[in-house]
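One-letter residues, chain by chain:
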Amino acid sequence: MTRNGPLALLYHALFVVFMLAPIVIVCIVAFTPEGYLSLPTHGLSLRWFRTIAQYPEFIRAFWVSIWLGALSSAIALSLSVPAALAIARYRFKGRDALATLFMSPLMIPPVVLGIAFLRFFSLVGLGGTFVGLVLSHVVIVFPFALRLTLASAVGMDRAIEQAAVSLGASDWTVFRRVTLPLILPGLVSGWALAFIQSFDEVTMTVFVAAPGTETLPVRMFLYIQDNIDPLVTSVSASVIALTAIALVALDRLYGLERLLAGRGINEP
Amino acid sequence: MSTPASDNAAPSAWLLSLPALVFFAVIVIVPLIMTVVLSFHDWGEYKGIQPVFILKNWIEIWSDPYFGEMFARTFRIAILVTLITAVFGAPEAYILNRMRAPWRGIFVLVLLGPLLISIVARTLGWALLFGGNSGVVNAALMKLGVISSPIPFMFTETGVIIALAHVLMPFMVLSVWAALQRVDPQIENAAASLGAGHFTTLRRVIFPQIVPGVLSGGIIVFALSASAFATPAIIGGRRLKVAATLAYDEFLNTLNWPLGAAVATLLLVCLVVTIVGANRLIERRYAEVFR
């Protein structure tokens, strides 16, 4: 009764082909031995992966992305922990408005955020700087950081904290020795999810980044706008491979379903 | 888990939220207000941005049919993408929900994983699949005899819609799947034991329960496709403009920031009105499901 019939499985197979086709094609084309885009390719070659090394702008953009993701996720996380504790534990006037504000970067089109940041940063003298880039990415990844910290703050057993208090621990000790270790798995996953979001962000970043502070997706996007060749395909394939590794790791660590479907705010 | 509201709850809650709140006030709210203000400023090729209050940009958007056409295209694409993801994503979520371990876990990874893969890489994949007359998709369709001459996908709305539907499909599957997980699996057996056929069960029992999932997924997909940038920019090229790519052009190519700000503000307002309106509607209609 609850098994999928043959028609359902056929549909499923076609659906999976549709979802994977563009990703697979990037990986196939990346291994072409030809000097141009060609399909089908005859034989496999790593020449285009080796060529990446001759393009320092891709390498530099990669490191900008890594540092940007690491820093902005860490800052977003440290801002989100106290906010998550407040939202999870207190019922106060303005709580819903606060939660809406903190989740709003998900609803505001990234192009609008990008324009707003471009205008703001150029007026306050942060235009095209790495600092500006980090600040803007903290905004973009904040909802993801908050969602996971909130989920772990809500799911925490508070009796342990009360026990610590009754044994004479100060507020700070309770937080450092009890609360923080308990929500740590959520924080690690939140950081990882935030990092991936930052690493993938392109629309908002296109406005904020300057030639010296371009992130990898921005570099790829600008390159594709000019022409599509096997080089950018091999860069994309490398990005896909890195993401796939991170994805499997996250799935093991936290569970992909929980990571993506997690709600938190509206849950009791 | 709820702590009873005590009289001193509010101050500590606000104190805890203060760092994030200050950050949002300075880095989100102030820039957004500045963007709205910018849309009322004047601009000239030689004089640059003039901080005056005029309606020039708004009148231009209102009166020049180019902008109307472009916004119409943006929302046409968004509506079609939403419909496509709903029609194809909902059945897939249903099938996924009926799978068993370990297949379910594997396909969740396969179908939802692309969400975390760079949107530029995924769109590049479509550009490669579509690419010119010798593109893989056209070659395959012609070989299967579905079409006799190649369909132009690159630089067309059709191409943008297909690529966007692919990029945003996981959101729909995820949303419908979340709705399905609230359904008691025994309910299908109950319907069958009462004599309902498979199709009747689907139509009368399962379908009504996934509608809220389709609707909330639809809102997400609609909002994201109406504000999509990278995919329309790559597949649509320089000529097929949507709201986001037009704002980008005004800002980084023409350098008419006030006009770009006006386009962005209008896009934001349209989206917020649509999302809030749709949410209200759904919550009222399906209050018992969302609770």
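Parameters at a glance
- All chains use their own residue numbering, which begins from 1 and follows the written sequence.
- Ligands are numbered from 1 and chains lettered from A, in the order in which they are written.
- Totals for whole chains, interfaces and linings use all residues, but because this is a predicted model, local features are given only for residues with pLDDT of at least 70 and pairs of side-chain atoms are given and counted only at 80 or more.
- Secondary structure elements follow DSSP: runs of H or I of four or more residues count as helices, runs of E of two or more count as strands, with numbering from the N terminus.
- Buried residues are those with 20 or more other C-beta atoms within 10 Å of their own C-beta, exposed residues have 12 or fewer, and partly exposed residues lie in between; C-beta atoms are placed from the backbone.
- Any two residues are considered in contact once their C-beta atoms, placed from the backbone, lie within 7 Å.
- In these notes, a nonpolar core means any group of buried Ala, Val, Leu, Ile, Met, Phe, Trp, Tyr and Cys residues linked to one another through C-beta atoms within 7 Å.
- Take the number of residues in a helix, subtract one, and multiply by 1.5 Å to get its expected span.
- As a per-residue quantity, pLDDT reports the predictor's confidence and falls between 0 and 100.
- In this classification, the charged set is Asp, Glu, Lys and Arg, the nonpolar set is Ala, Val, Leu, Ile, Met, Phe, Trp, Tyr, Cys and Pro, and all remaining amino acids, among them Gly, are polar.
- Where helices are involved, their axes are fitted lines through C-alpha atoms of the stretch in contact, as for all axes, and angles between N-to-C directions lie from 0 to 180°.
- Two helices that cross are described as forming a left-handed crossing if the nearer one is turned anticlockwise from the farther one by less than a right angle, and a right-handed crossing if clockwise.
- Angle categories: roughly parallel below 35 degrees, roughly antiparallel above 145, roughly perpendicular from 65 to 115, and oblique for all the rest.

A. Just the overall build of chain A, in detail. Scanning chain A from terminus to terminus reveals twelve helices and zero strands. Starting at the N terminus, the α and β elements of chain A follow one another as α-α-α-α-α-α-α-α-α-α-α-α. A principal-axis box enclosing the C-alpha atoms of chain A has dimensions of 70 × 65 × 30 Å. Among the 268 residues that make up chain A, the fraction classed as buried is 47%. Within chain A, contacts between residues at least 6 apart in sequence are counted, and of these 76% link residues at least 24 apart.

B. Structural view of the overall build of chain B. Secondary structure assignment for chain B yields 13 helices and two strands. Counting only C-alpha atoms and orienting by the principal axes, one finds that chain B spans roughly 75 × 75 × 35 Å. Within chain B, counting contacts between residues at least 6 apart in sequence, those at least 24 apart form 72% of the total.

C. Broad picture of the nonpolar core. In this structure, Val26 and Ile115 of chain A together with Leu164, Val173 and Ala247 of chain B are the most contacted members of the largest nonpolar core, which totals 165 residues. Non-local contacts of Val173 of chain B, meaning those with residues more than four positions away in its chain, are made with Gly89, Glu92, Ala93, Leu96, Leu111 and Leu112 of chain B.

D. Representation of helix H6 (residues 130-154) of chain A in the model. Counted at 1.5 Å a residue, the expected span for H6 of chain A with its 25 residues is 36 Å, and the 35 Å between its end C-alpha atoms agrees. Where burial is concerned, most of H6 of chain A is hidden: 23 out of the 25 residues are buried.

E. Quick look at helix H5 (residues 119-130) of chain B. Residue and element names in this part refer to chain B. The terminal C-alpha atoms of H5, which comprises twelve residues, lie 16 Å apart, in line with the 16 Å expected from a rise of 1.5 Å per residue. Taken across its twelve residues, H5 has twelve buried, putting it largely inside the fold. Within H5 the residues assigned to the buried category are Ile119, Val120, Ala121, Arg122, Thr123, Leu124, Gly125, Trp126, Ala127, Leu128, Leu129 and Phe130.

F. Main features of unusual backbone geometry. All names here are of chain B. Look at Phe155: it is not a glycine, yet its phi comes out positive at around 60°. Position of Phe155 among the secondary structure elements: in the loop between helix H6 (136-143) and helix H7 (157-181). Positive phi is not limited to glycine here, since Leu255 has a value of about 70°. Its location among the elements puts Leu255 in the loop between helix H11 (243-254) and helix H12 (257-285).

G. Layout of the confidence of the model for chain B. All names here are of chain B. On average, residues of chain B score 88 in pLDDT, and 95% of them reach the 70 mark or higher. Low pLDDT, under 50, characterises residues 1-7; the stretch is placed with nine contacts to residues that sit more than four places away or in other chains. Complex prediction metrics read pTM 0.90 and ipTM 0.89.

H. The interface of chain A and chain B, seen in detail. In this complex, chain A contributes 73 residues to the contact, which on the side of chain B involves 75 residues. Element by element, the count of residues in the side of chain A that touches chain B is highest for helix H1 (residues 6-30) of chain A, at 14 residues. Looking at the side of chain A that touches chain B residue by residue, the classes come out as 56 nonpolar, nine polar and eight charged.

I. Representation of the environment of His12 of chain A in the model. Topologically, His12 of chain A is positioned in helix H1. When near neighbours in sequence (up to four residues on either side) are disregarded, His12 of chain A contacts Glu92 and Ile95 of chain B.

J. The arrangement of the environment of Ser12 of chain B in detail. Note that Ser12 of chain B resides in helix H1 (residues 9-38). Along the sequence, Ser12 of chain B and Val136 of chain B sit 124 residues apart, while their C-alpha atoms lie 60 Å from each other.

K. Spotlight on the packing of helix H3 (residues 65-97) of chain B against helix H9 (residues 198-226) of chain B. Residues and elements named next belong to chain B. Across the interface, H3 lies against H9 with an axial gap of 8 Å and an inter-helix angle of 145°. Every pair of crossing elements has a handedness; the one defined by H3 and H9 is right-handed. Contacts between H3 and H9 pair Thr74, Phe75, Ile77, Ala78, Val81, Thr82, Thr85, Ala86, Ala90 and Tyr94 from the former with Ile206, Ile210, Val214, Gly218, Val221, Phe222, Ser225 and Ala226 from the latter. A breakdown of the residues in the contact of H3 with H9 according to their chemical character gives 13 nonpolar, five polar and no charged.

L. Quick look at the packing of helix H10 (residues 216-226) of chain A against helix H11 (residues 230-253) of chain A. All names here are of chain A. Interaxial distance between H10 and H11 falls to 11 Å at its minimum, and their mutual angle equals 150°. Our classification of the angle between H10 and H11 gives roughly antiparallel. In the crossing of H10 with H11, the sense of the turn from one axis to the other is left-handed. Contacts between H10 and H11 involve Leu216, Met220, Tyr223 and Ile224 from the first element and Val232, Val235, Ser236 and Val239 from the second. Of the residues contributing to the contact of H10 with H11, the split by class is seven nonpolar, one polar and no charged.

M. Spotlight on the environment of Ile59 of chain A. Residues and elements named next belong to chain A. Checked against the element boundaries, Ile59 lands in helix H3 (residues 56-89). With 14 C-beta atoms packed within 10 Å, Ile59 lands in the partly exposed category. Sequence separation of Ile59 and Val235 is 176 residues, and the distance between their C-alpha atoms is 9.8 Å.

N. Representation of the confidence of the model for chain A within the structure. Confidence along chain A averages 88 in pLDDT terms, with 93% of residues attaining 70 or more. Here residues 263-268 of chain A is modelled with pLDDT under 50, and outside its nearest four sequence neighbours on either side it reaches ten contacts, counting other chains as well.

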